[in-house]
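Structural overview for review
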Amino acid sequence: MVANIDEYEVDGDGGDAKVNDEDLKWLKNEVEDIANNANSGVWSARESCDNTRFCKWPGQSDDGKKHRENLGGAEPFPFEGASDARIRLADGTINTLVSLLFVSAMRNDLKVTGIESLDSARAQKIKTLLRWVITNQLGSQYVWEIIKLLQYLIADSPAVAIMGVYWNREPSLRMKDITVEELMQITAEMVMENPEEWVAVPESMTVEELHEAVTTAVKELTDIINDPERQEDGVRILQEFYPHLKEKRAKRVIKELRDTEKSSFPVPYLKKDQPAITAHKLFEDIFIPSNTPDDIQRARVIFHRGWYSKVEIKSKIVSEGWKESFVNKVVGDGDTHKGHEGLSGFPVLLNNVSGEYISDVRAQDAEPNKGMYEVVTAYYRAVNDDSIPGIYVVPFSCFVDEEAKERALLDYEHDKYPFVAFRREVLSSKLLESRGVSELLLTHQSALKMLHDSRGDFTSISTVPPIKGPQKRPKGKLLIRPMGYIPERRKDEIKVMDMGRYPVGNERMQEEIRRQVAEYFGLPHKDVSPEISHLLQEVAVLLFLSSLKDVFLMLLQLCKQYWPDEVIARVVGGKGLEFDRSREEIQGNYDIKLSFDVQDISLETLKIKADMIANIMVPLDTQSTIQRDKLVARLFHSLDPNMAEEAIVPVETASQSELQAARMDFVMIKAGIEPEMAEGGQNFGLRFQEINEILQKNPTAHEEMSEVSRAILDAYMQHLQFMVQQLTENSQIGKVGAKSVLEGGM
């Protein structure tokens, strides 16, 4: 069915509105279209990929051999007990590629640069905020969701994974104790905040008159609580303060306040108010049309399927404003209406034992999802009467004749679907045209298994070969074992069959298959050029990080939208980011870059790189164009990102520490104490310059020194100058460029 373009238009100004029957029917038709497209090819291809990766086929046995009993009585080929090994070529390749990309996700070098007027200090704060969100807010969730995403991305067919980026507001309940006095105080505060909602406020009312009106309103509430005849008024006022309270509980609270002047009741609070990410499996969690462009933000509609327990779905009446009538229709009443437990609007057509497709598996689908209920959330773009686009959100069930809540504009100011698409490869402008590893290695793994089984079968037959004997000799049991005895009627009557030599090409062919796979996917192999492997790995990492960058950007945009200034200030320090919360500010003004060099995985390669920089590049830099602080930070980050975060300080901080150290060295020298002449790890030029400035500003400091102190100073300055100029080592004065004065240098 082709979608009706009218469904992508909303009346008037757009915004929140009830979903009419036609809109709901259109959404359900879109679900049916996507499910039919998936069942026409996606599920059969994915089943084949899973069978390849997890080495599943009919007639398997636990010992990896073929047995008649596992084949329904059929005779195994080539013989009973023949090899039926599980060759995990696809699984091993997937795990290697997942590990490579996972390391790049954990050890990438994050940079934030300004667009327009964003300065470097503010960019550094944004970087700090992002790192804090990933480490402290997402924490282990980031690790698990990245791993899941990579499993979907590398192994699935199509090889596409979706990362959902949300703002998670998770409500919960806690008991609140309240007294009449506290309720009076709450009432006064609410009246003062919006007095026109509680009392008549003429324009000429003075502050004193307003306070008097508030006092009157509070006293009236006290009278209402103490008057049993006015309990309904008390319930109404209490429910205005705490809208979640049911009438029955509100009546009990009013009665307890009247009788004992205190009561308790559950109140909602935000258990979580933070960003969240979730890796979605295509056509299990996320459903999109087959013709979706390579940019998922251009998708005409995206469906997110959630499975909820009865408790979870009922709690959404309070937490997300779902209609109670909708929830009751989904879960049923347990008596006349059983609900739609385990049923899905996206049925999956699976193969039965004979290889034929089952036409209807809705009932069979219910068992794996026992105790769970499906609710689908539709995200789609539509324009209003002024042709202004917006993203609309509608939660619904394919089995219920009303929506869970009214259609609403997505309130994320970045104006994007809350999804980022990842592709293993780019073959065309269609998002779904991307092949997974299992799909590509099906024939390679089958060939490798055939060669492996053949070798195993030959070994089995050669170890205990067939016995040749006369045709007319009665068949008897031959006891074949070490030192066994087989009687013969005539010489050479019984012979062991000569199995010949196994083809030597088998091992070479197996190795060639593994070489081809390594070359194709950029895996290390002795017969594959390291340059080719590095190139393919680099491309895979760059493609992955380009999408992960979009996840980071979306996380940052949500934090800027929802976190108050004081929360951000606590994370980044100072006055926070000091930005306005306009849509334009949230959507732009910064750029995020993620980089990772796959060669940094190898410590040997990293050592070679560091040696080349230190011994070749730095000596050639006669104009001091190399920013050595950034060079050290980059190498340190490649070695251990976590250690680099803790150990490396900003240049300004490091310079200040060096200046303080130089002054302390000068104090020690005046006292006749010789500072350490280090071979490295110091800013020798800065220390030399600082001590020279001290002597220039205070010439008497040198005159007041003792002869020993002057000698120490001369040697120390000679050492600093030597280290700055990088002179050739001299055997007489050693590596530090000067002799120790107190150890015989005078």
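Burial runs high along strand β6 (residues 373-383): nine of the 11 residues are buried. For strand β5 (residues 301-308) and β6, the ladder comprises eight bridges, and the chain directions are antiparallel. Its bridge partner lying in β6, His 304 is registered against Thr 377. Sheet topology places β6 next to strand β7 (residues 389-396); eight bridges connect them, and they run antiparallel. Within β7, the position partnered with Ala 382 by the bridge is Gly 390. Hairpin connection between β6 and β7: a loop of five residues separates the two successive antiparallel strands, and Ser 387 in this loop has a positive phi of roughly 65°.

Attention now goes to the side chain of Asp 109. Counting through the fold element by element, Asp 109 comes out in strand β1 (residues 109-114). Polar contacts involving the side chain of Asp 109 include one to the side chain of Lys 111, which spans 2.5 Å.

What follows covers unusual backbone geometry. The linkage connecting Phe 77 with the following residue, Pro 78, adopts the cis geometry, with an omega of 5°. Relative to the helices and strands, Pro 78 is located in the loop between α1 (21-53) and α2 (89-107). In this model, Ser 157 is joined to Pro 158 through a cis peptide bond whose omega is 0°. Tracing the backbone through its elements, the reader meets Pro 158 in the loop between α4 (140-155) and β2 (160-179).

Let's shift gears to the packing of aromatic side chains. Tallied over the entire structure, the rule returns 17 aromatic pairs. Relative to Tyr 562, the ring of Trp 167 has its centre 5.1 Å away and its plane inclined at 25°; by these criteria the two rings are stacked. Remark: Tyr 562 occurs in helix α14 (residues 530-562) and Trp 167 occurs in strand β2; sequence separation between them is 395 residues. Across this residue pair, the class does not change: Trp 167 and Tyr 562 are buried. For the pair Tyr 308 and Trp 322, a centre-to-centre distance of 6.1 Å together with 90° between the ring planes defines the contact as edge-to-face. In this pair, Tyr 308 is assigned in strand β5 and Trp 322 in the loop between α9 (310-319) and α10 (324-331), connecting sequence segments 14 residues apart. Comparing Tyr 308 with Trp 322, the two get one shared label, buried. Here the guanidinium or amino end of Lys 316 rests over the ring plane of Trp 322, the centre of that ring lying 5.5 Å away. In this structure, Arg 381 is placed above the aromatic ring of Tyr 417, and the distance from its NZ or CZ to the ring centre is 5.1 Å.

Procedures and definitions
Residues numbered from 1 in each chain as written. Predicted model: local features only at pLDDT ≥ 70, side-chain atom pairs only at ≥ 80, totals over all residues. Heavy atoms only, no water. Buried < 20%, exposed > 50% of the residue type's maximum accessible area, 1.4 Å probe, protein only. Helix = DSSP H or I, 4+ residues; strand = E, 2+ residues; numbered from the N terminus. Pairing = 2+ DSSP bridges. Polar contact = N/O pair within 3.5 Å; in protein donor to acceptor, adjacent residues only side chain to side chain. Phe/Tyr/Trp six-rings, centres within 6.5 Å; stacked < 30°, edge-to-face > 60°. Lys NZ or Arg CZ within 6 Å of the ring centre and 35° of its normal.

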